[in-house]
Amino acid sequence: MRLVIATCSVDYDGRLTAHLPLATRLLLVKADGSVLVHSDGGSYKPLNWMSPPCAMAEVAPDETEAAEGVTTVWVVQHAKSEDRLRVKIHEVHHDSAHELGVDPGLVKDGVEAHLQKLLAEHITTLGEGWTLTRREYMTPIGPVDILCKDGRGGTVAIEIKRRGDIDGVEQLTRYLELMNRDPHLAPVTGVFAAQVIKPQARTLAEDRGIRCVVLDYDELKGVDNSEHRLF
């Protein structure tokens, strides 16, 4: 990765046009060919960028640009469109390159697969006498996250989300409609489980007879948050 801090202006031409007036900015040139222009604000989002496939060339400024104080120009051309990024550099304050190597990618803690595994291991969180039938119970329209039996022996289908919204309720509803046609499973009730459940999703679920459960990830992991307790 190449990092350049420079006083520059930037013009983007293509499906739209955009202009960044002269200012000091961070320019990133990544190994995949992408070029990103950042300011010292705006969180992670660049002010402008060119995604690969693209090619960058450093060229001399024309007479007008040189008269304005431009010392070099980056021309970044997209390979599959007419989109072009033109970075006019007046002064370079820092220029370095770093080999970062292969990145293993982001490993998220608390994703749906982790929640599913933990809830399956602690299925009695949902009630005394509950037992696990299996995880990823396959139906003709997709897998149900957890299939289990409640304390009375009834079949329960559980859909797990990190954030529970209406789409998740609709998904579980489709599973329940299909599974209740199977005489070996019916009657099947539903549990919609998530770390956070939006009010609209809860209202829809409860209207359809689906139980909503908010999952405490740390509690499922067995983490004792004693520092947050009075006793």
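Note that the structure is a prediction, hence the values are computed from the model and not measured.

Procedures and definitions
- Residues numbered from 1 in each chain as written.
- Predicted model: local features only at pLDDT ≥ 70, side-chain atom pairs only at ≥ 80, totals over all residues.
- Heavy atoms only, no water.
- Pairing = 2+ DSSP bridges.
- Helix = DSSP H or I, 4+ residues; strand = E, 2+ residues; numbered from the N terminus.
- Axes fitted to C-alpha atoms, helices over the stretch in contact; angles between N-to-C directions.
- Buried < 20%, exposed > 50% of the residue type's maximum accessible area, 1.4 Å probe, protein only.
- Contact = heavy atoms within 4.5 Å.
- Salt bridge = Lys/Arg side-chain N within 4 Å of Asp/Glu carboxyl O.
- Parallel < 35°, antiparallel > 145°, perpendicular 65-115°, else oblique.
- Left-handed = near helix turned anticlockwise from the far one by under 90°.
- Nonpolar A, V, L, I, M, F, W, Y, C, P; charged D, E, K, R; others polar.
- Disulfide = S-S within 2.5 Å.

A. Examining the sheet that holds strand S8 (residues 131–139) more closely. With mixed pairing, five strands are arranged side by side in an open sheet as S8-S9-S10-S11-S12. The open sheet has two edge strands with one neighbour each: S8 and strand S12 (211–214). Ignoring strand direction, the axes of neighbouring strands in this sheet form an average angle of 30 degrees.

B. View of helix H2 (residues 112–121). Along H2, the residues classified as buried are Leu-115, Gln-116, Leu-118, Leu-119 and Ala-120. Where the residues of H2 are buried, they touch S8, strand S9 (142–149), strand S10 (155–164), strand S11 (188–197) and helix H5 (217–221).

C. Fine view of the pattern of salt bridges. According to the stated counting rule, one finds nine salt bridges in the structure shown. Where Asp-83 meets Arg-15, a salt bridge forms, and the shortest distance between an N and an O atom there is 3.0 Å. In this pair, Asp-83 is assigned in the loop between strand S6 (72–78) and strand S7 (84–97) and Arg-15 in the loop between strand S1 (2–13) and strand S2 (18–29), connecting sequence segments 68 residues apart. Overall, Asp-83 belongs to the buried group, its relative accessible area being 3%. The partner of Glu-121 in a salt bridge is Lys-117, and the shortest N-O contact between them spans 2.6 Å. Highlighted residues: Glu-121 and Lys-117, both in helix H2, separated by four residues, approximately one helical turn. On the basis of relative accessible area, Glu-121 is assigned to the partly exposed category, the value being 47%.

D. Just the packing of helix H3 (residues 166–179) against helix H4 (residues 199–207), in detail. Close contact between H3 and H4 brings their axes to 8 Å; oriented N to C, the two are set at 25 degrees. Comparing their axes, H4 and H3 come out roughly parallel. Where H3 crosses over H4, the handedness of that crossing is right-handed. Taking contact as the criterion, the partners of Ile-166, Val-169 and Glu-170 in H3 are, on H4, Gln-200, Ala-201, Leu-204 and Ala-205. Tallied by class, residues from the contact of H3 with H4 come to five nonpolar, one polar and one charged.

E. Representation of the state of the cysteines in the model. Using the criterion set out here, one finds zero disulfides in the structure. In this structure Cys-212 is a free cysteine whose sulfur lies 15 Å from that of Cys-148, the closest cysteine sulfur available.

F. Representation of the environment of His-114 in the model. Tracing the chain through its elements places His-114 in helix H2. Taking the C-alpha atoms as reference, His-114 lies 26 Å from Leu-185; in sequence the two are 71 residues apart.

G. Representation of the environment of Leu-22. Position of Leu-22 relative to the elements: it lies in strand S2. By relative accessible area, which is 49% here, Leu-22 ends up partly exposed. Remark: the alpha-carbon pair of Leu-22 and Pro-46, spanning 24 residues in sequence, is separated by 16 Å. Non-local contacts of Leu-22, meaning those with residues more than four positions away in its chain, are made with Thr-7, Cys-8, Ser-9 and His-90.

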